[in-house]
Amino acid sequence: MRVLILSSFVAASRVGGSAQLLALARLGIEPVLAPTVLFGRHPGHGPPGGAAVAAETFEGVLAGIEAQGLYEALDAVITGYFAMPEQVAVAADALTRIKAAGPATRIVVDPIIGDADKGLYVREAVAVAIADHLIPRADLVTPNAWELTHVTGRRATDAPSAAAAAAKLGRPALISSVPAGGDIGVLYADGGKGWLASHAPSPAAPKGTGDLLAAFMAAALVQGRAPSDALEVAVGSLAELIAASGADDAPLASLPTTLTASARVRLETVGG
């Protein structure tokens, strides 16, 4: 199995596309990373060092991957962080070419644009470009609840409202950070219904959990799991990683080699 990642490379932090690359490799999936930024560390620690990858360079990297014959050999693509709308345009063209080469390739779009604590943390033009050009090409969209609200204009304050908002996307969605009573939930929604996987919030979770959730879900799906099972093992594996890692960055040793369910996670149906 092979997955292409279009996202950030962060050298000293287990976040972004570099964390997804490691996570997929640990699961026995061949990862291919086309970076959108080259950072030294997560910006949450301070100035990250490095810079965005020029759109022309990003396009050239993808051209090399295509020339190697990999577009028709992909099981999935994960899109993540973009620094400029020009990169999004390059990614959208690549997704079109990948689908033409391999129609069964699963496109997972993680619209990394903001969160409830910081609001929008990319330029508005980037957020608009992702909504206009990547989400319509997705087989699965993986926003957090705040991103879902920003993209759809519908508030996602619990599982039913998140499912209703996700229905406006017109495609399956995996929504993280969904309030679930006193717990925190991840909702898989498709057509106004789905499943909610919830667990107790952690007082000190490592950075990059959203990136790893998208990678775990993509891995579970390309392994042939049904959506409800994929949700259960993706969230279960993440819950166990959080419990083992504590704060800051998740160490490589805490990344799972097999996706498994967890007793920490409760799974329930939502909607009809």
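None of the values given here were measured: they were computed from a predicted structure.

(A) Here's a closer look at the packing of aromatic side chains. Under the definition given, this model contains 2 aromatic pairs. Both rings, one in phenylalanine 58 and one in phenylalanine 82, keep their centres 6.4 Å apart while their planes meet at 70 degrees; by these two values the pair is edge-to-face. You can see phenylalanine 58 sitting in helix α2 (residues 55-67) and its partner phenylalanine 82 sitting in the loop between β4 (76-79) and α3 (85-101), a full 24 residues away along the chain. This pair shows no difference in class: phenylalanine 58 is buried, exactly as phenylalanine 82 is.

(B) Representation of the pairing of strand β2 (residues 30-39). Among the 10 residues in β2, 8 count as buried, and that is most of the element. Direction of pairing for strand β1 (residues 2-10) relative to β2: parallel, over a ladder of 8 bridges. Considered in β2, the bridge of serine 7 is made with proline 35. Once the chain exits β1 it traverses helix α1 (residues 16-26) before rejoining the sheet at β2, and the crossover so formed is right-handed. Alignment of β2 against strand β3 (residues 50-52), held across 3 bridges, turns out to be antiparallel.

(C) A look at helix α5 (residues 145-152). Among the residues of α5, Ala145, Glu147, Leu148 and Thr152 are the ones counted as buried. Axial view of α5: buried residues confined to an arc of 160 degrees, hence all on one face. Against the buried residues of α5 lie β6 (114-115), α6 (159-167) and β9 (173-180). Among the residues of α5, the N-terminal cap falls to asparagine 144, whose side-chain oxygen and the backbone nitrogen of tryptophan 146 are separated by 3.0 Å. Glycine 153 sits one or two residues past α5 and shows a positive phi near 80 degrees.

Reading the values: the criteria
- Residues numbered from 1 in each chain as written.
- Predicted model: local features only at pLDDT ≥ 70, side-chain atom pairs only at ≥ 80, totals over all residues.
- Heavy atoms only, no water.
- Phe/Tyr/Trp six-rings, centres within 6.5 Å; stacked < 30°, edge-to-face > 60°.
- Helix = DSSP H or I, 4+ residues; strand = E, 2+ residues; numbered from the N terminus.
- Buried < 20%, exposed > 50% of the residue type's maximum accessible area, 1.4 Å probe, protein only.
- Pairing = 2+ DSSP bridges.
- Right-handed = clockwise from strand over helix to strand, strands pointing away.
- Arc of directions from axis to C-beta.
- Contact = heavy atoms within 4.5 Å.
- Polar contact = N/O pair within 3.5 Å; in protein donor to acceptor, adjacent residues only side chain to side chain.

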